[in-house]
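# Coordinates in review
For reference, the chains in residue letters:
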Amino acid sequence: MIRNNNWSRRTLLVAAGLVLLAAPAMAQDSRLVAKANSMADKVEPKVIEWRRDFHAHPELGNHETETAAKIAAQLKKFGIEVETGVAHTGVVGILKGGKPGPVVALRADIDGLPVTERTDVPFASKAKGVYNGQEVGVMHACGHDTHIAMLLGAAEVLSGMRQDLKGTVKFIFQPAEEGVPEGEEGGAKLMVKEGVLEKGPKPEVIFGLHINSQTEVGKIKYRPGGTMASADVFKIKVKGKQVHGAYPWGGVDPIVTSAQIINGLQTIISRQTELPEEAAVVTVGMIHGGVRNNIIPEEVQMEGTIRALDTEMQQKIHEKIRLTATKIAESAGATAEVTIIPQTPVTYNDPALTDRMLPTLQSVAGRDNVILSKAVTGAEDFSFYQEKIPGLFVFVGGMTKGKKPEEVAPHHTPDFFIDESGMKLGVKTLTALTLNYMEGRGKSKSSVGL
């Protein structure tokens, strides 16, 4: 960027010369992306076929055995080196390009949800599973079936031009993004723990995407910095003194105390958190206490979720929850035991990487179709990779053109629906991000010029 008007004629000539020197490399890169886009058009029918198969046969987290076998078989057909059994059922593919260069990781999640499907598509899931001891319907109600298919599409495209690749691609098909059964490990956290970013070729960066049922087909949404919230669980055990319900003054009522604590927790966000900085949420989702209408019980237990988009704010909220619960309980003559279980960090898009790759997103989708979005308080365990290396996570549209977001079913619901025409953009996005990063063509606006 030219920051003033006092440049010498010589400096301008040098800058112009650098642009001319860069032109052949940029042109070559442009041809590679064009070739990849053409190949993506050709593999689209396969991507749709794969997606429908995965959609009809979903599996819950840590149990994606058939899903993993199908993924591994396809990768092997493309001549990609395959490792299975990573983090229980994860699959990792390694594609070595014909030229030296950086290692780029691409990630897709592969698990379904304990949701019974209600759509009328011919490939609707009829699958059943067991979740925490309970038989449930199983559905790809968050689009992970499309994520698998899009990454397989990208793998076929990139493997078909391996001699042109300036580097190595690591394909990460990750299980259990939606969580694991109680008492188990899984997901991105376990993949990182088992060394997916350290063993074998070590990636410099990682790219991921999520299809969105309420974003129009053909559009991409992105955000630098905190884009999805951290998700932590809190548990509070309020202990009082049991007594007959007719004589409450003879005991300490943990139910009334819990009600006061719940109200107090809401003031952490509404009165004690700097919301103009970032959004945050504290929600109590479960409360249990008592067995009979005329007995004040000895204790009450509650559980909830904490969402934050800034790690410093996240820690402050943890402290405030402990302080609020214990002091309100103390004022009533009760005690409160607070346990906070960190689960998922903030999904944080590296600002420099985001800026660098923005021109790629705009080139693939069209400048007007790339939208700077607001952060969301949903969570994504892609964040565990981003804690180790720079990462970029974007959203691609899966809503039929002409529809309105309020007219379509949101994620994690029985009527969740994805317009399959949106997947081709996902394939092109993953391949273009890979090629342009390898070529060094993704440049931030602030790095253009001298």
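Remember, predicted model here, so these are calculated numbers, not experimental data.

## Details of the overall build of the chain
What the chain contains, in helices and strands, is nine helices and 18 strands. Across its three principal directions, the C-alpha atoms of the chain cover 90 × 60 × 45 Å. Within the chain, the proportion of its 450 residues that are buried is 50%. Excluding contacts between residues fewer than 6 apart, the proportion of contacts in the chain whose partners are at least 24 apart in sequence is 83%. Surface accessibility of the chain: about 21,100 Å² in total, with carbon and sulfur atoms responsible for 52%.

## Digging into the sheet that holds strand β2 (residues 90-96)
A sheet is described by the order of its strands in space; here eight strands give the open sequence β1-β2-β6-β3-β7-β18-β8-β17, paired in mixed fashion. Because the sheet does not close on itself, it has two edges, and the strands there are β1 (81-86) and β17 (370-372). Neighbouring strand axes in the sheet, compared pairwise and without regard to direction, differ in orientation by 25° on average.

## Description of the packing of aromatic side chains
Across all of its chains, the model carries six aromatic pairs by this definition. Ring geometry for F382 against Y385: centres 5.8 Å apart, planes inclined by 65°, an arrangement best described as edge-to-face. The pair formed by F382 and Y385 is uniform in burial state, with each residue classed as buried. One aromatic cluster is present, built from ring pairs that chain together F382, Y385, F393 and F395.

## Remarks on the sheet that holds strand β15 (residues 335-344)
Within a sheet, each strand pairs with its neighbour through backbone hydrogen bonds, oriented either parallel or antiparallel. Taken together, the four strands give an open sheet; going across it, the order is β12-β14-β10-β15, and neighbouring strands pair in antiparallel fashion. Because the sheet does not close on itself, it has two edges, and the strands there are β12 (280-288) and β15. If you compare each strand with its neighbour and ignore which way they point, the axes differ by 20° on average. Sheet analysis places strand β10 (residues 230-239) next to strand β14 (residues 299-308), joined by 10 bridges and oriented antiparallel. Across the sheet, A231 pairs through a bridge with R307, a residue of β14. Contacts between helix α5 (residues 254-272) and the sheet are confined to β10, β12 and β14, with β12 contributing the most and set at about 165° to the helix. Taken strand by strand, helix α6 (residues 311-331) contacts β10, β12, β14 and β15, and its axis lies near 160° from that of β15.

## Here we look at unusual backbone geometry
Its identity is not glycine, yet A87 carries a phi of approximately 50°, on the positive side. On the secondary structure map, A87 appears in the loop between β1 and β2. Even without being glycine, H88 reaches a positive phi, approximately 80°. On the secondary structure map, H88 appears in the loop between β1 and β2. H88 sits in the partly exposed class, given a relative accessible area of 46%.

## Points about the packing of helix α7 (residues 351-365) against helix α9 (residues 423-439)
Packing of α7 against α9 leaves a shortest axis separation of 9 Å and a crossing angle of 135°. Our classification of the angle between α7 and α9 gives oblique. α9 is crossed by α7, and the crossing has right-handed handedness. Between α7 and α9, the residues in contact are L353, R356, M357, T360, L361, V364 and A365 and L425, K428, T429, A432, L433, N436 and Y437, respectively. Counted by class, the contact of α7 with α9 contains nine nonpolar, three polar and two charged residues.

## Section: the pattern of salt bridges
Considering all chains together, one arrives at 21 salt bridges under this definition. The salt bridge involving R118 is made with D415; its shortest N-O contact spans 2.7 Å. Of this pair, R118 sits in the loop between β3 (99-109) and β4 (128-131) while D415 sits in the loop between β18 (391-399) and α9; the two residues are 297 residues apart in sequence, bridging distant segments of the chain. Its relative accessible area of 58% is what places R118 among the exposed residues.

## Describing the environment of A432
Here A432 is to be found in helix α9. You can call A432 buried: its relative accessible area is 1%. Sequence-wise, A432 and N37 are 395 residues apart; in three dimensions their C-alpha atoms are separated by 8.2 Å. When neighbours within four sequence positions are excluded, A432 is seen to be in contact with V33, T360, V364 and Y437.

## Observations regarding the nonpolar core
Counting 66 residues, the largest nonpolar core has I71, L75, L106, F171, F173 and F207 as its most contacted members. The contacts of F207, once residues within four sequence positions are left out, are V104, A105, L106, R107, L353, M357, F382, L392, L433 and Y437. With 22 residues, the next largest nonpolar core counts F234, V238, I268 and I306 among its residues.

## Side note on α9
The end-to-end C-alpha distance of α9 is 24 Å, a good match for the 24 Å that 17 residues give at a rise of 1.5 Å each. With respect to burial, α9 is a largely interior element, 16 of its 17 residues being buried. Two residues or fewer after α9 comes G440, characterised by a positive phi angle close to 75°.

## Overview of α5
Every α-helix carries 3.6 residues per turn, so stepping three or four residues along brings you back to the same face. Given a rise of 1.5 Å per residue, 19 residues ought to cover 27 Å, and the 25 Å separating the end C-alpha atoms of α5 matches this to within 8%. For α5, the principal kink sits at Q266 and spans about 25°. Listed as buried for α5 are P254, T257, S258, I261, G264, L265, I268 and I269. Residues of α5 that are buried sit in contact with β10, β12, β13 (295-296), β14 and α6. Where α5 begins, the capping side chain belongs to D253, and its oxygen is found 2.8 Å from the backbone nitrogen of I255.

Criteria and cut-off values
Residues numbered from 1 in each chain as written. Predicted model: local features only at pLDDT ≥ 70, side-chain atom pairs only at ≥ 80, totals over all residues. Heavy atoms only, no water. Helix = DSSP H or I, 4+ residues; strand = E, 2+ residues; numbered from the N terminus. Buried < 20%, exposed > 50% of the residue type's maximum accessible area, 1.4 Å probe, protein only. Contact = heavy atoms within 4.5 Å. Areas by Shrake-Rupley, 256 points an atom, 1.4 Å probe, with all protein chains shown as cover. Pairing = 2+ DSSP bridges. Axes fitted to C-alpha atoms, helices over the stretch in contact; angles between N-to-C directions. Phe/Tyr/Trp six-rings, centres within 6.5 Å; stacked < 30°, edge-to-face > 60°. Parallel < 35°, antiparallel > 145°, perpendicular 65-115°, else oblique. Left-handed = near helix turned anticlockwise from the far one by under 90°. Nonpolar A, V, L, I, M, F, W, Y, C, P; charged D, E, K, R; others polar. Salt bridge = Lys/Arg side-chain N within 4 Å of Asp/Glu carboxyl O. Core = buried A, V, L, I, M, F, W, Y, C linked by side-chain atoms within 4.5 Å. Expected span 1.5 Å × (residues − 1). Bend = angle between axes of the 7 residues up to and from the residue. Polar contact = N/O pair within 3.5 Å; in protein donor to acceptor, adjacent residues only side chain to side chain.

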